[in-house]
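Chains, contacts and geometry: an overview
Spelled out from the first residue to the last, the chains are:
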Amino acid sequence: MTITAAAPRAAAYRGRLRWWTELPLIAVVYALYSGARLLVRGDVDDAVEHGADILHFEQLTHLDPEQWFNRLFTHHAFLGVPADFMYASMHYIVTPTILVWLWLRRPTHYRQARTWLMISTLIGLVGFTTVPTAPPRLLPGAHGFMDTMAQYGSYGWWGTDASAPRGLGHLTNEYAAMPSLHVGWSLWCGIMLFRYGRNTFVRVLGVLYPLTTAMVVMGTANHYLMDAAAGVATMGVGFLLAKPALRLLDHYHAKVRPAAAAPAGAPEPAAEPAVKVPAPRPAASADAPQAPDAKEPPDTPAQAPAADPDGTEAQGRNEPSRA
C-alpha cells in the first residue's frame, strides 16, 4: 500500500525537475570547488602557522589521532596504498553516484539533498578563502608527518601535490585543509545511504563510509582532526539552511513565473456581464384571494348555435305561435 501511494507522487515530483538543468547546476558547484582551491592559495607562511596552531591545540587537548594513523599508513603499504587511492578518487565518484541514485530512486528527496550538498560546499569554499591552512604533510619535518601519497606515488596516478594527477600539481591549492570537504561530503553520502537505503548492507555502508574517510584523510596527512570536525559542522549548517533556501526559491518562482507567463502589453480579459437573478416571489397568504392560474385558458362564452341556411329556425323564433 505504501509503494502504491508513493509512486504517483514520486513520478509527479520528478516531472518538475529536468536533468538538463540539474546537471549544469551541479557542474557549476564542482567548478567553484575546484576553482576556489586553485585561485585562492593564500599566504604560505600564514597557512603553515594556522596548521601548526591547530596541531598545537590538538596536542594540548590530547586529540591528535592523525599522527598515529599516519605512522600506521606509512609503515604498512597494504593500508597506505588503498588509503591513497580512496583519498584521490572516492569523493569524485561516490558523491555524484549517490546524487544520480537519489534522482532515479528517491526523487521526492533529491531536491532537498542536492540543495543541502550545494550550500555546504559553498560554505566550505568560504573557509578555504578566509582561513588558508597547511595540511600536516606540509608542516616542517620536526612535526613528524609523512606524505603517504608521495611515499606510494609509484602505485597510482597522483604526484607529490595532494591528490592532483602527476604533473598537474600546479592546478590545485594545497593550503585548503580547513574544513575537510572530503569528510563533509562523505558524511552527506553516509546519511543518504542510511536514511534511504532499503537493506541492512546499504545502511552499514552509510555508517562505515564517513568513518573510513575520516581515518583516511588523517592517515594520509592531508587533514587534522579539527578539519574533519569542521567538515561535519559545515554540513550541519548547510542542512539548517537548505529548507529556508528552498522556501525562498519557491516563493520567488511563485511570483516570477505567473508574470513571465503573461505576454507584455496583453489586454486584460473583459469582465463578463452580470446575470440578473429575479427576486423570489413572496409566499401567498392563506386568507388572500388566489389569482387564477396563468397556465389555464380563460373561460370562453358559450358557442351560439349555427345559423340555418334556409333561415327557418330564426324565422320560427320571431313568429308568434299559432293557437
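Each value, and the rule that gives it
Residues numbered from 1 in each chain as written. Predicted model: local features only at pLDDT ≥ 70, side-chain atom pairs only at ≥ 80, totals over all residues. Heavy atoms only, no water. Phe/Tyr/Trp six-rings, centres within 6.5 Å; stacked < 30°, edge-to-face > 60°. Buried < 20%, exposed > 50% of the residue type's maximum accessible area, 1.4 Å probe, protein only. Helix = DSSP H or I, 4+ residues; strand = E, 2+ residues; numbered from the N terminus. Polar contact = N/O pair within 3.5 Å; in protein donor to acceptor, adjacent residues only side chain to side chain. Salt bridge = Lys/Arg side-chain N within 4 Å of Asp/Glu carboxyl O. Contact = heavy atoms within 4.5 Å. Patch = residues over 30% accessible without salt bridge, like charges linked within 9 Å, V, L, I, M, F, W, Y side chains within 5 Å. Areas by Shrake-Rupley, 256 points an atom, 1.4 Å probe, with all protein chains shown as cover. Lys, Arg positive; Asp, Glu negative; His and termini not counted. Charge placed at Lys NZ, Arg CZ, Asp CG, Glu CD. Axes fitted to C-alpha atoms, helices over the stretch in contact; angles between N-to-C directions. Parallel < 35°, antiparallel > 145°, perpendicular 65-115°, else oblique. Nonpolar A, V, L, I, M, F, W, Y, C, P; charged D, E, K, R; others polar. Core = buried A, V, L, I, M, F, W, Y, C linked by side-chain atoms within 4.5 Å.

Section: the packing of aromatic side chains
Under the counting rule described, the total for this entry stands at 4 aromatic pairs. Measuring from ring centre to ring centre gives 5.4 Å for tryptophan 103 and tyrosine 110, while their planes differ by 85 degrees; the resulting arrangement is edge-to-face. Here the two residues tryptophan 103 and tyrosine 110 agree in accessibility, since each one is buried. Ring centres of tyrosine 152 and tyrosine 155 lie 6.0 Å apart, and the angle between their planes is 70 degrees; this geometry places the pair in the edge-to-face category. Judged by relative accessible area, tyrosine 152 falls into the buried class, the value being 5%.

Considerations on the side chain of histidine 182
Positionally, histidine 182 belongs in helix α8 (residues 181–196). Judged by its relative accessible area of 7%, histidine 182 is buried. In this structure the side chain of histidine 182 is engaged in a polar contact, spanning 3.3 Å, whose partner is the side chain of histidine 91.

Focus on the pattern of salt bridges
Here the structure, examined in full by the defined rule, presents 2 salt bridges. Aspartate 250 is the partner of arginine 111 in a salt bridge, and the nearest nitrogen-oxygen pair spans 2.7 Å. Of this pair, arginine 111 sits in helix α6 (residues 107–130) while aspartate 250 is found in helix α10 (residues 225–261), placing the two residues 139 residues apart along the sequence. Residue arginine 111 is classed as buried on the basis of its relative accessible area, which comes to 11%. Taking the relative accessible area as the measure of exposure, aspartate 250 reaches 34% and is therefore partly exposed. In this structure, the salt-bridge partner of arginine 137 is aspartate 147, at a minimum N-O distance of 3.6 Å. Placement of arginine 137 in the loop between α6 and α7 (148–151) and of aspartate 147 in the loop between α6 and α7 is noted, with a sequence separation of 10 residues between them.

Some points on the environment of valine 94
One can find valine 94 in helix α5 (residues 77–105). With a relative accessible area of 16%, valine 94 lands in the buried category. C-alpha of valine 94 to C-alpha of cysteine 189: the two residues are 95 residues apart in sequence and 7.6 Å apart in space. Those residues in contact with valine 94 that sit more than four places away from it in its chain are Cys189 and Tyr209.

A short note on unusual backbone geometry
Along the chain, methionine 178 connects to proline 179 via a cis peptide bond; the corresponding omega equals -5 degrees. Positionally, proline 179 belongs in the loop between α7 and α8. Even without being a glycine, histidine 62 presents a positive backbone phi close to 60 degrees. Mapped onto the elements of the fold, histidine 62 is located in the loop between α3 (44–60) and α4 (66–75). When its relative accessible area of 69% is taken as the criterion, histidine 62 is described as exposed. Although it is not a glycine, alanine 221 sits at a positive phi angle of roughly 65 degrees. By the secondary structure assignment, alanine 221 is in the loop between α9 (200–219) and α10.

So, a negative patch on the surface
Among the surface-exposed residues, Asp43, Asp45, Asp46, Glu49 and Asp53 lie close enough to one another that they form a single negatively charged patch. As for its placement among the helices and strands, aspartate 53 is situated in helix α3.

Remarks on the packing of α4 against α9
It is at 7 Å that the axes of α4 and α9 come closest, and there the two elements cross at 80 degrees. One element, α4, and the other, α9, form an angle in the roughly perpendicular class. Across the interface between the two elements, Glu66, Phe69, Asn70 and Phe73 of α4 pack against Met215, Val216, Met218 and Gly219 of α9. Class assignment for the residues of the contact of α4 with α9 results in 5 nonpolar, 2 polar and 1 charged.

Re the nonpolar core
When a protein is soluble and globular, its nonpolar side chains tend to lie buried together. Among the nonpolar cores identified, the biggest contains 36 residues, and Ile98, Leu102, Trp116, Trp188, Cys189 and Met192 are the most heavily contacted of them. Taken together, the elements giving at least two residues each to this core come down to α4, α5, α6, α8, α9 and α10. For this core, the element with the most residues is α5, which contributes 9 residues. Here tryptophan 188 is in contact with Thr95, Ile98, Leu99, Leu102, Ala113, Trp116, Leu117 and Met235, once residues within four sequence places are set aside.

What about the packing of α4 against α5?
One way to put it is that α4 packs onto α5 with a least axis distance of 5 Å and a crossing angle of 105 degrees. Classified by the angle their axes make, α4 and α5 are roughly perpendicular. Residues Leu72, Phe73 and His75 of α4 form the contact with α5, whose participating residues are Ala77, Leu79, Gly80 and Ala83. Looking at the contact of α4 with α5 residue by residue, the classes come out as 5 nonpolar, 2 polar and no charged.

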